Amino acid sequence: MGLRLTNTLTGCKDEFVPSDPQYIKMYACGVTVYDKCHLGHAMQAILYDIFARYLRFKGYKVTYVRNFTDVDDKIIARASQLGVSPLELSDQMIEISRRDMLSLKVKPADFEPRVSEYIPQIIAYIQDLMTKGFAYVGQDGSVYFRVRLKEDYGKLSRQNISELRCGVRKDVETGKEDPVDFALWKVEETPGATWDSPWGRGRPGWHIECSVMASEILGDSFDIHGGGRDLVFPHHENEIAQSEAKSGGTYARYWVHNGLLTVNRQKMSKSLNNFISIEDAVRDYGYELIRFNIYQYHYQSNIDFSAQGFFLGLSRLYSMYRTRQRVIDYMARHDLTPQSANSHPGFHQAFCEAMDDDFNLPRVMVVIQSVLQSQNEIMDKKFSAQNAMELLSLESLLHNILPILEIGLREPQEFFHEIHSRYLALKSLTFAWVTEKIELRMKHRTDKNFAMADQIRDELLALGVSLLDSRDKTSWELSEKALEELILLK
RNA sequence: GGCGACAUGGCCAAGUGGUAAGGCGAGGGAUUGCAAAUCCCUUAUUCCCCGGUUCGAAUCCGGGUGUCGCCUCCA
């Protein structure tokens, strides 16, 4: 069963055939570290992390590279504003970014190169382009890429060079031979962010870094190159132009582009000031809810962030842990151990088919939904050895696939405790108070004084605490309304 | 102005030629002292509009309309 991937280069969902049948090389554009990352960056990082995890799950060896852009106009501007050196600022931001990724349970990529560490290679690369005639020193002393010489320029974004020129493009650099050319090396002298080169002191242009770092680590040609949809043009187009001009061969074989996180349908971005930082998002919603919501959409779609959407996710996540807890209790009661069964073949296949179909996470979520439902169904039935085995195989399946997604892995008790404490604190209530109320109601119930018992239950429900009576005891959880309140207050 | 993507029930969202997944919501049932939770059933003859191709289209083609992204840094 093979993976199929939507390839921006062809515009089709292509069968994915790695150049080496066992080894996949993947590169994803990381962030420019001039400020804290926001939820949109989180979405991208989570997605490519999952792709890498799934490919490994399928048995491939994977090398995954995700870069940090630490040399850039914005970094320089920001650093001078803050009165620190550009690399000091980017050091700080990289550290924060790593912490953010950790808090989202995103595994580090195998390589996380920084532009500033690849300056000699970038210079050599540009020199090579120059000897091949693709690069030239412009009138302003900077080095540019001769776009028109690359005949298939525009093949990724389907842009036509002659049409580009009549665009609303501003600030055309004066040193270029042709307005469509782009900078490889910008000559200037900002302290702390420039290096000596054959063309004078300066720094790398916008797109060269990815080409250089990708080829240094993965080689001239590799399997998957990913990034946000907003990078298709010009960033990825230019990467292809440079890389293929230099190597003469194919650069990335499959181009994957994820959708963007939007707010009121508009892209989440610093400039629109409609962003939420990863730090804030994790604090307010938790990493798991963020991931859970991302999985409701295909990676190519934009995800419109809204509190209402997050509420839906929370109520389903809550429900997931309810089942997780129920399974744990059930296994304890019947003395079952999870290791004693193989992964459920039917659902295992369904999961792989969904992932193989262009990483169709919404379909994966349906599979998980069905697994949980089947577990509940089994536990609703009379106990039998056969049912127990079925339950264990479902459990074994979840143990296999949930670590790829990083959801549903916590101790349910811990999950509930966290969310319940937050809610109770919000309402200035305590666990002890709720327990007291429940015990009081229990007395009324055993006395068959249902009117009083129901009154207490209604009182608690009005506060968002919903009671669940089982044969011997009463437990409680948060009502839908309470969950909604918890999210909407953010 | 150019390029690209998207438009599916009250809401969210899968689905690239074979007769509309799933979730939320709503209604009914099993269960329950009554509830909650859980499970079961029902809830789009139809996929923005108009043409075309085809035995057959949400899916392909042409033309509209609308939304978004890119063409300046952007995941």
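What this report covers is the structure whose coordinates are included nearby. Position numbers for residues count from 1 along each chain, tracking the sequence in the order it is written. Whichever chain is written first becomes A and whichever ligand is written first becomes 1, with later ones labelled in order. Predicted model: local features are reported for residues with pLDDT of at least 70 only, side-chain atom pairs are reported and counted for 80 or more only, and whole-chain, interface and lining totals are derived from all residues. To obtain the side-chain values, all non-hydrogen atoms of the structure were used and water was disregarded.

1. Some words on the sheet that holds strand 4 (residues 61-66)
Then step 1. Should DSSP find at least two bridges between two strands, the strands are taken to pair. Numbering of helices and strands runs from the N terminus; a helix is a DSSP stretch of H or I covering at least four residues, while a strand is a stretch of E covering at least two. Here 4 strands make up an open sheet; going across it, the order is 4-3-9-10 and the pairing parallel. For this open sheet the edge positions go to strand 4 and strand 10 (252-258), each flanked by a neighbour on one side alone. For this sheet the average axis-to-axis angle between neighbouring strands, irrespective of direction, equals 20 degrees.
Then step 2. In this structure, strand 3 (residues 23-28) lies alongside strand 9 (residues 222-228), joined through 3 bridges in parallel fashion. Along strand 9, the bridge assignment pairs Tyr27 with His225.
Then step 3. We call two residues in contact when some of their heavy atoms are within 4.5 Å. Between the N-to-C directions of two axes lies an angle of 0 to 180 degrees, each axis being a line fitted to C-alpha atoms and, for a helix, fitted only over the stretch in contact. Lying on the sheet, helix 6 (residues 208-218) is in contact with strand 3, strand 4 and strand 9; it crosses strand 3 at an angle near 160 degrees.

2. Notes on the sheet that holds strand 5 (residues 135-137)
Then step 1. Taken together, the 4 strands give an open sheet; going across it, the order is 5-6-7-8, and neighbouring strands pair in antiparallel fashion. At either margin of the open sheet sits one strand with a lone partner, and together these are strand 5 and strand 8 (202-204). Averaged over all adjacent pairs, the angle separating strand axes in this sheet is 25 degrees, with direction ignored.
Then step 2. By the bridge criterion, 3 bridges tie strand 5 to strand 6 (residues 143-145) in an arrangement that is antiparallel. Within strand 6, the residue paired with Tyr136 across the bridge is Tyr144.

3. Observations regarding the protein's contact with RNA strand B
Then step 1. In the neighbourhood of RNA strand B, 62 residues make up the surrounding shell, with Lys74, Gly228, Leu231, Lys267 and Arg457 lying closest.
Then step 2. A breakdown of the atoms of RNA strand B within 4 Å of the protein gives sugar and phosphate a share of 65%.
Then step 3. Polar contact criterion, stated in full: a pair of N or O atoms within 3.5 Å, where within protein one must be able to donate a hydrogen and the other to accept it, and residues adjacent in sequence count only if both atoms are side-chain atoms. The side chain of Ser319 places a nitrogen or oxygen atom 3.3 Å from a phosphate oxygen of RNA strand B.
Then step 4. The greatest single-element share of the surface near RNA strand B, amounting to 7 residues, is contributed by helix 12 (residues 361-380).
Then step 5. When residues are sorted by character, Ala, Val, Leu, Ile, Met, Phe, Trp, Tyr, Cys and Pro go into the nonpolar class, Asp, Glu, Lys and Arg into the charged class, and all the rest, Gly among them, into the polar class. Looking at the surface near RNA strand B residue by residue, the class counts come to 18 nonpolar, 24 polar and 20 charged. Residue proximity to a molecule or strand is established when one non-hydrogen atom of the residue lies within 4 Å of it.

Keep in mind these numbers describe shape, not what the thing actually does.
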